[in-house]
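# Remarks on the overall topology
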Amino acid sequence: MATNAKTRKAARYAVPVAVAGVAAATVAMVPAFANSGGPDLPKMTAQQLIEKVAASDVQQLSGSAKISTDLGLPTLASGLLGGGGIAGGSANPEDKIAQLANGSHTLRVAADGPDRQKLTFVDGKDEYSLIHNGADVWGYDSKANEVWHEKNPDAAAGKDQKKTAERLGGASPQQLAQDVLKAAGPTTDVSVGETAQVAGRDAYQLVLKPKQSGSTVGSVKIAVDAKNGVPLRVQLLAAEGGKPIVDAGFTKVDFAKPSADTFAFTAPKGAKVTEGADGAGKDGRGHGKEFKGLDSFPGLGALTGGMGGAGGKGGETKVLGEGWATIARMDTGAGKSLKEIENGKDTPKEAKQFLDSLGGKVTGKFGEGRVFKTRLVNALITDDGKVYVGAVTKDALVKAADANK
């Protein structure tokens, strides 16, 4: 299926996967029971509910979903993410799915096993569709009348179908829930909360909370269909309170087999067609053991480029802590300070704009630095070119910088 670097990078932008990056590999269960906050359902422990999700064999569904994301991004970053809408511009999935990191978006979803899925992002009368049908993966932007296409001969032999289904389904409530559950570990308390109704279906709610202090995440709530174990909604709640950072859920769902023509696609007459690049993983970005998450922060790429870049003489990465409190420490190999970059004639305009959008300056034993702050992920950029980033508070970043200067 579609295993090129672009498709993998596109899947990376499904925001709740950032949560998956800061937790460990196994689940510590808390035997709490569902209460009477919603539909009256039989009592179920967290262990039983997770087993129900794991045992679910539903592979066919169709419906509508809504994803709302409020990261509290600075104005500059919000603009770079294209919060105004999904349709318009390139048909490349990388460009479209990245926009889910800001604002509210409506999707139509369809799946028929591991080799056929379709996501349609609706923006008024304009639409963007991402379609996987056998050996073909298509992206179509109706507003721009542009088509992105990639063909993978391995798909015809039934290879790698599951991975492709996961990548293309990265924005669906189902896949987001699976990603979070896989990442939950011994640093996580897992319980069953109040029952609920989602898309007209009775559901249990699985609640995951960090045991550690310092995380920006308050909890993750996953609504699970009481009958078939399919995750229907995922909510990522901030430790500081307020509305959810991410709220992704079905508004309508049907578990009948979608018609075959749902996944059929032919490029419209006159559409510009771009063929996807060959050779997945040649650049290795965002994969392997190295922490490459810096590139996903708007402006940080330009900034580190001005500092020498993670791909320059620096690039050393160290992972500090574990679970929800994980922090990545990156040494950009900078030869000059933030002040020199800010005032430098050769500094890219984007880097200067990004510096202006950052929060206030911070000081500590490590020296001076600036903080890029969102409701989920924060990054501390020190004056000597080191970057500390994680789903943790500003104080946790400063503490880590002091201890690892």
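First things first, this report covers the structure right here in the doc. (Residues numbered from 1 in each chain as written. Predicted model: local features only at pLDDT ≥ 70, side-chain atom pairs only at ≥ 80, totals over all residues. Heavy atoms only, no water.)

### Concerning the pattern of salt bridges
Enumeration over the complete set of coordinates arrives at 10 salt bridges. Notably, a salt bridge pairs Arg-108 with Glu-127, separated by 2.9 Å at the nearest N-O pair. Taken together, the positions of Arg-108 in strand β2 (residues 103-112) and Glu-127 in strand β4 (residues 126-133) put the pair 19 residues apart, joining distant regions of the chain. Residue classification places Arg-108 among the partly exposed positions, given a relative accessible area of 36%. Taking the relative accessible area as the measure of exposure, Glu-127 reaches 25% and is therefore partly exposed. Between Lys-386 and Asp-384 there is a salt bridge, and its shortest N-O distance comes to 3.3 Å. (Salt bridge = Lys/Arg side-chain N within 4 Å of Asp/Glu carboxyl O. Helix = DSSP H or I, 4+ residues; strand = E, 2+ residues; numbered from the N terminus. Buried < 20%, exposed > 50% of the residue type's maximum accessible area, 1.4 Å probe, protein only.)

### Observations regarding the sheet that holds strand β18 (residues 378-382)
The strand order across the open sheet formed by 6 strands is β14-β15-β19-β18-β17-β16, and the pairing between neighbours is antiparallel. In this open sheet, the two edge strands, each paired with only one partner strand, are β14 (316-320) and β16 (361-364). Sheet twist, expressed as the mean angle between neighbouring strand axes with direction ignored, is 25°. Pairing analysis gives 5 bridges linking β14 to strand β15 (residues 327-331), with the strands arranged antiparallel. (Pairing = 2+ DSSP bridges. Axes fitted to C-alpha atoms, helices over the stretch in contact; angles between N-to-C directions.)

### What about unusual backbone geometry?
The backbone phi angle of Asn-145 is positive, close to 55°, even though this residue is not glycine. As for its position among the elements, Asn-145 is in the loop between β5 (136-141) and β6 (146-151). The phi angle at Ala-199 is positive, at roughly 55°, despite the residue not being glycine. Note on placement: Ala-199 falls in the loop between β8 (196-198) and β9 (201-210).

### Focus on the side chain of Gln-205
Along the chain, the position of Gln-205 falls in strand β9. The class for Gln-205 is buried, based on a relative accessible area of 9%. A polar contact of 3.2 Å, which involves the side chain of Gln-205, links it to the backbone oxygen of Glu-194. Engagement of the side chain of Gln-205 in a polar contact is seen with the side chain of Arg-233, the distance being 3.1 Å. When sequence neighbours within four positions are dropped, the list of residues in contact with Gln-205 reads Leu-49, Ser-191, Val-192, Gly-193, Glu-194, Thr-195, Ala-196, Lys-221, Ile-222, Ala-223, Arg-233 and Gln-235. (Polar contact = N/O pair within 3.5 Å; in protein donor to acceptor, adjacent residues only side chain to side chain. Contact = heavy atoms within 4.5 Å.)

### Describing the side chain of Asn-228
Checked against the element boundaries, Asn-228 lands in the loop between β10 (217-225) and β11 (231-238). Here Val-230 takes part through its backbone nitrogen, which lies 3.0 Å from a polar atom of the side chain of Asn-228. In this structure, Asn-228 is in contact with Ser-56, Val-58, Arg-201 and Phe-255, ignoring residues within four places of it in sequence.

### Some thoughts on the pairing of strand β12 (residues 246-254)
Judged from the 8 bridges that link them, strand β1 (residues 60-69) and β12 form a sheet pairing that is antiparallel. Looking at β12, one finds that Ser-62 is bridged to Asp-254.

### Looking at the pairing of β4
Burial analysis of β4 places 6 of its 8 residues in the buried class, which makes it a mostly covered element. Here strand β3 (residues 116-123) runs beside β4; their pairing, made up of 8 bridges, is antiparallel. Paired with Lys-118 across the bridge in β4 is Ile-131. What sits between the antiparallel neighbours β3 and β4 is a turn of 2 residues, in which Gly-124 has the positive phi angle 65°. Looking at chain direction, β4 and β5 are connected through 6 bridges and run antiparallel. In the strand pairing of β5, Asn-133 is matched with Asp-136. Hairpin connection from β4 to β5: 2 residues lie between these consecutive antiparallel strands, with Gly-134 at a positive phi of about 65°.

### What to know about helix α3 (residues 46-55)
Spacing of three or four residues puts side chains on the same side of an α-helix, whose turn is 3.6 residues. Taken together, the buried positions of α3 are occupied by Ala-46, Leu-49, Ile-50 and Val-53. Down the axis, α3 shows its buried residues gathered within 95° of arc, on one side only. (Arc of directions from axis to C-beta.)

### Notes on the nonpolar core
Ranked by internal contacts, the top residues of the largest apolar core, which has 37 residues, are Leu-206, Leu-208, Val-220, Ile-222 and Leu-376. If near-sequence neighbours (up to four positions away) are discounted, Leu-206 is found in contact with Ala-46, Leu-49, Ile-50, Leu-181, Val-190, Ser-191, Val-192, Val-220, Lys-221 and Ile-222. Ile-67, Ile-97, Phe-121 and Val-253 belong to the second-largest nonpolar core, a separate cluster that totals 22 residues. (Core = buried A, V, L, I, M, F, W, Y, C linked by side-chain atoms within 4.5 Å.)

### Observations regarding the packing of aromatic side chains
In the structure shown here, the tally under the stated rule is 3 aromatic pairs. Between Trp-138 and Phe-265, the ring centres sit 5.1 Å apart and the planes meet at 50°, which makes this aromatic pair tilted. Highlighted residues: Trp-138 in strand β5 and Phe-265 in the loop between β12 and β13 (272-275), separated in sequence by 127 residues. Comparing Trp-138 with Phe-265 shows no difference in burial state: the two are buried. One aromatic cluster in this structure is built from Trp-138, Tyr-140 and Phe-265. (Phe/Tyr/Trp six-rings, centres within 6.5 Å; stacked < 30°, edge-to-face > 60°.)

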